[in-house]
Amino acid sequence: MTDQVVSRDENTGDVQRLKRNAVGTVGVIFMAVATAAPITAMVGNVPIAVGFGNGSHAPAGYIVATVVLGLFAIGYATMAKHITATGAFYGYISHGLGRVIGMASGLLITMAYIVFEASLIGIFSFFFQNLFKSQLDITVPWLVPAILMLVLNCILTYFDVNLTAKVLGVFLVTEIVMLSLGALAVLFKGGGPDGFAVAETLNPIGAFTPAAVAGASAGLGLFFAFWSWVGFESTAMYGEESKDPKRIIPRATMISVLGVGLFYVFVSWMAIAGTGPEQSVQLAQSADTSSEIFFGNVRTTYGEWAITLFNILLVTGSFACGMAFHNCASRYLYAMGREGLSKGLQKSIGATHPTHGSPHIASFVQTGITLVLILAFFFAGMDPYIHMYTLLAILGTMAILVVQSLCAFAVIAYFHFHKNHPSSAHWFKTFLAPLLGGIGMLYVVYLLWEHKDAAAGAASGTLLFKLTPWIVVVLFVFGAAMALYFKLRDPRRYDLIGRIVYEDNAVRD
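Per an unreviewed UniProt entry, the chain goes by the name APC family permease and belongs to Mycobacterium yunnanensis. If you open the UniProt record of the chain and go to Sequence similarities (unreviewed entry), you find "Belongs to the amino acid-polyamine-organocation (APC) superfamily."

Comments concerning the overall build of the chain
Looking only at helices and strands, the chain features 20 helices and 2 strands. Taking the contacts inside the chain whose residues are at least 6 apart along the sequence as the reference set, 81% of them involve residues at least 24 apart. Of the roughly 18,500 Å² of accessible surface on the chain, a fraction of 67% belongs to carbon and sulfur atoms.

Focus on the packing of aromatic side chains
A full pass over the atoms with the stated rule returns 30 aromatic pairs. Note on Phe 128 and Phe 132: the rings are 4.5 Å apart at their centroids and 15 degrees apart in plane angle, and the pair reads as stacked. Remark: Phe 132 and Phe 128 occur in helix 5 (residues 99-136); sequence separation between them is 4 residues, near one turn of the helix. Here the aromatic cluster, defined as three or more aromatic residues joined through ring pairs, consists of Phe 126, Phe 127, Phe 223, Phe 224, Trp 227, Tyr 385 and Tyr 389. Over the face of the ring belonging to Trp 449 we find Lys 452, whose NZ or CZ atom lies 3.8 Å from the ring centre.

Quick word on helix 4 (residues 89-97)
Buried residues dominate helix 4, accounting for 8 of its 9 residues. Those residues of helix 4 that fall on the buried side of the exposure criterion are Phe 89, Tyr 90, Gly 91, Tyr 92, Ile 93, Ser 94, His 95 and Gly 96. The elements touched by buried residues of helix 4 are helix 3 (58-80), helix 5, helix 13 (304-337) and helix 16 (384-417). Trailing helix 4 by a residue or two, Gly 98 shows a phi angle of about 105 degrees, which is positive.

Quick word on the layout of surface pockets
Here the largest pocket defines a volume of roughly 1,000 Å³. If you trace the largest pocket, you find 38 residues lining it, with Gly 44, Phe 126, Ala 287, Ser 290 and Tyr 385 closest to the centre. Mapped by element, the contributors of at least two residues to the lining of the largest pocket are helix 2 (38-52), helix 5, helix 9 (218-227), helix 13, helix 16 and helix 18 (452-456). Class assignment for the residues of the lining of the largest pocket results in 23 nonpolar, 14 polar and 1 charged.

Remarks on the pattern of salt bridges
For the structure shown, the criterion picks out 4 salt bridges. One salt bridge connects Arg 299 with Glu 304, and the closest N-O pair in it is separated by 3.0 Å. Look at Arg 299 and you get partly exposed, because its relative accessible area is 28%. Two residues, Asp 490 and Arg 493, come together in a salt bridge whose shortest N-O distance is 3.2 Å. It is possible to trace a salt-bridge network through shared partners that takes in Glu 292, Arg 299 and Glu 304.

Points about the packing of helix 5 against helix 16
Where helix 5 meets helix 16, the closest approach of the two axes is 7 Å, and the angle between their N-to-C directions is 150 degrees. With respect to each other, helix 5 and helix 16 are oriented roughly antiparallel. Seen along the crossing, helix 5 lies across helix 16 with a hand that is left-handed.

What about the state of the cysteines?
What the rule picks out here adds up to 0 disulfides. Sulfur of Cys 321: no disulfide; nearest cysteine sulfur belongs to Cys 328 and is 9.2 Å away. A relative accessible area of 2% means that Cys 321 is categorised as buried.

Thoughts on empty space enclosed by the protein
In this structure the tally under the stated criterion is 4 cavities of 30 Å³ or more. Roughly 160 Å³ of volume is contained in the largest cavity. Around the largest cavity sit 17 residues that line it, and Thr 35, Ala 36, Leu 120, Trp 227 and Tyr 389 are the ones nearest its centre. Residue assignment for the lining of the largest cavity shows that the elements contributing at least two residues are helix 1 (25-36), helix 2, helix 5, helix 13 and helix 16.

What to know about a nonpolar patch on the surface
Taken together, the side chains of Leu 463, Leu 467, Trp 470, Val 473, Val 474 and Val 477 make up a nonpolar region of the molecular surface, amounting to roughly 610 Å² of accessible area. The residue Trp 470 is located in helix 19 (residues 463-489) in this model.

With respect to the confidence of the model for the chain
Averaged over every residue, the pLDDT of the chain is 86; the share at 70 or more is 89%. Of the regions scoring below 50 in pLDDT, residues 1-13 engages in 33 contacts with residues more than four places distant in sequence or in other chains. Segment residues 504-509 is flagged for pLDDT under 50; beyond a separation of four residues in sequence, or across chains, it makes 11 contacts in the model.

Things to note about the nonpolar core
Phe 89, Tyr 113 and Phe 294 are the most contacted members of the largest nonpolar core, which has 158 residues in total. The greatest single-element share of this core, amounting to 20 residues, is contributed by helix 5. Those residues in contact with Phe 89 that sit more than four places away from it in its chain are Phe 72, Tyr 76, Ile 109, Glu 233, Tyr 332, Ile 400, Val 403, Gln 404 and Cys 407.

So, the environment of Phe 30
In this structure, Phe 30 sits in helix 1. Judged by relative accessible area, Phe 30 falls into the partly exposed class, the value being 22%. Sequence-distant contacts of Phe 30, defined by excluding residues within four places in its chain, comprise Ala 165, Gly 169, Leu 172 and Val 173.

Observations concerning the packing of helix 6 (residues 143-158) against helix 13
Across the interface, helix 6 lies against helix 13 with an axial gap of 10 Å and an inter-helix angle of 55 degrees. Relative to helix 13, the element helix 6 is oriented oblique. The hand of the helix 6/helix 13 crossing is right-handed. From helix 6, Met 149, Leu 152, Asn 153, Cys 154, Leu 156 and Thr 157 reach across to helix 13, where they touch Ser 318, Phe 319, Gly 322, Met 323, His 326, Asn 327, Ser 330 and Arg 331. Split by residue class, the contact of helix 6 with helix 13 holds 6 nonpolar, 7 polar and 1 charged.

Observations concerning the side chain of Ser 217
Structurally, Ser 217 is set in the loop between helix 8 (198-201) and helix 9. Residue Ser 217 is classed as buried on the basis of its relative accessible area, which comes to 17%. Every residue in contact with Ser 217, bar those within four places of it in the chain, is listed here: Phe 52, Gly 53, Asn 54, Pro 210 and His 451.

Parameters at a glance
- Counting restarts for each chain: residues are numbered from 1 in the order of the written sequence.
- Residue-level local features of this predicted model are given only where pLDDT is at least 70; pairs of side-chain atoms are given and counted only at 80 or more, and the full residue set underlies all totals for whole chains, interfaces and linings.
- Each side-chain value is derived from all of the structure's non-hydrogen atoms; neither hydrogens nor water enter the calculation.
- UniProt positions are given in the numbering used here, feature names are shortened, and annotations may be inferred rather than shown by experiment.
- Numbering of helices and strands starts at the N terminus; helices are DSSP runs of H or I of at least 4 residues and strands are runs of E of at least 2.
- Only heavy atoms matter for contacts: two residues are in contact if any of them lie within 4.5 Å across the pair.
- In short, Shrake-Rupley with a 1.4 Å probe defines the accessible areas, and a residue's cover is counted only from the protein chains shown.
- For Phe, Tyr and Trp, rings pair up if their centres lie within 6.5 Å, where Trp contributes its six-membered ring, and each pair is then called stacked (planes under 30 degrees apart), edge-to-face (over 60) or tilted (otherwise).
- Charge-over-ring placement is defined geometrically: NZ (Lys) or CZ (Arg) within 6 Å of the ring centre, and within 35 degrees of the ring normal.
- Buried means the residue's accessible area, taken with a 1.4 Å probe over protein chains only, is under 20% of the maximum for its type, while exposed means over 50%, and partly exposed covers the values in between.
- Grid spacing is 1 Å over the protein atoms alone, the probe is 1.4 Å, and a cavity is where that probe fits but cannot get out, while a pocket is an open set with protein on both sides within 12 Å along at least five of seven lines and lining residues have an atom within 4 Å of a point.
- Grid points are joined across faces, edges and corners, and a volume is the space filled by probe spheres set on the points.
- Note that Gly is not counted as nonpolar here; it falls among the polar residues with everything else outside the nonpolar set of Ala, Val, Leu, Ile, Met, Phe, Trp, Tyr, Cys and Pro and the charged set of Asp, Glu, Lys and Arg.
- Throughout this description, the term salt bridge denotes a Lys or Arg side-chain nitrogen within 4 Å of a carboxyl oxygen of Asp or Glu.
- Axis definition: a line fit to C-alpha positions, over the contact stretch in the case of helices; interaxial angles, taken between N-to-C directions, run 0 to 180 degrees.
- Here is the rule for angles: anything less than 35 degrees is roughly parallel, anything more than 145 is roughly antiparallel, 65 through 115 is roughly perpendicular, and the remaining ranges are oblique.
- Each crossing gets its hand from how the near helix is turned against the far one by less than a right angle, where anticlockwise is left-handed and clockwise is right-handed.
- Working definition: a disulfide is two cysteine sulfur atoms within 2.5 Å of each other.
- Residues enter patches when they are more than 30% accessible in relative terms and free of salt bridges; like-charged ones are connected within 9 Å and nonpolar ones (Val, Leu, Ile, Met, Phe, Trp, Tyr) within 5 Å.
- Think of pLDDT as the predictor's per-residue confidence, scored from 0 to 100.
- Put simply, buried Ala, Val, Leu, Ile, Met, Phe, Trp, Tyr and Cys residues joined by side-chain atoms within 4.5 Å make one nonpolar core.

Quick look at the structure:
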C-alpha cells in the first residue's frame, strides 16, 4: 500500500502528493543543514573571508549574517504555519506578491537548485581526487567521482525521503563532530598566541572593516558569510512529507538558521583565535596554506591521522550537500510540474512513486540535466573546482538571494496587505523582521554584484561568468511572461500557479 495522497478538484484533476508522515523534525533539520555543508563552508569560505575580506573579523561577519537571516526566518517560519507547499518560495511568493512574480521566482529558484547540485559535484570531485592522490597516490579523472555521486543521488532520491534523511544525518553528525573537536581543543587550551582574541574576531563593527592587506574588501567577507547558509530555507520543501508540518517546519527553520549561525561563529572564532589573528590572515593569503587555519589546530592537538579524517569528511560532507540539493531540485521540478499548467508535465515530473511517494521522475529529470552540465564542463576541459563549482555556485547564489528577498516582502504582503490570518499578523514577526531581513539580503545581492570577479577568481574570464546576470534576468522575465500568457489565454490554469498546497491548513497549538 502507498501512503500517497491524491487531491481532486475541477481544475487540477489528479494531483499526486508526496509521502506523508515520512520524516520528523530531526530529519528535516538534517536535510536543511546538509545543504549548508558546514565543513565545506568553514574550510572553503572562512579562509577567503580572512585573507581577502574582513580579515580576523570573519566570525563577526557570521554574527551579522545570523542576525539578518534570523530576521528573515522569523517571517518565513510564520508563513510556514499557514502554507505547506513543496514549492516553498514558489508557493509563498505566489500567495504574497501574486502569481506573476511567483512563477518568475519559481523558475529562478528551480534553476538555482538545479545548478547547485552540479556545483557541489564539482567540489566533491576535487576533494575526491585530492584524497586518492594524497592517500593512495592514485590519479582519478574527476569525471569518475562526478558520475558516481550523481548516480548515488538519483538512487537515494528514488526511495522514501526518510532514507535520504538517515544518510545525510550520519554524514552531518560526523562533520559537526570533526569541526567541534578542532574548536574545543582551542577552547580548552585557553585560545592561541593572543588568547581568545575577542576584540579582533567578534566585534560586529569589524565585520564591515577590510583586512589590512592590499585589495581586501569587507563586503567580500560578508558575502562569503551569507553564502555559507545557502539552502537553509529548504525546510519548507519537506512540509508535505513531515509528520506535523505546522509545528515541524517553523521549528526546524529557526533551529537550522540560529543553530548553524552559532556553530559557524564558534568554529571560525576558535580557528582564528587558535592560529592567531595575524597569522590567520597571512596563511589565508595563499591557497596552499589557507586550510591550515583549521588543520593546524587539529594537527597539533590530535595528530596527522585527524587531518586524514578531516579530508575524508570534506568528501562525505560535499556529497551530503550535493545530495540535499538534488532532493531540493527534484521537489521544485515536481512542484512546478504538478500545477496542471501542462497535463503532460503533471503526469510526468508531477507524478510520485506509487510505493515510495517520492518525486522519482522529477529526480530522473534533474539527474539528466546535471549530467549534461557535468559533461559540458568536462569536455570543455574545465576544472571541477575552479570552474564548475565556482561558476555554478555564483549563478545559483545570485538567483536564490533575489528570490529570498522577494519572499521576505511576500510575507509582509500576505499578512498585512492581503490581511490573511489576522491573528498571526504581528508588527515584528510578520512586518519589521522580514522587512529588515529582505533589505539585508538585497544588500548581499549588491555585495555579490560588486565582488563577483573576486568571488569567481580564475573563472571570472569565462563566458558563463559574463552571462550569469543575464541568465537570472532572462529566466525571471520568461517566468513572468509565461504567467501573463496563462492569465490572458487560460485563466483557469493561471489560477493554479503556486496554489497547490497541503490540505491541512489548520494552525495547531
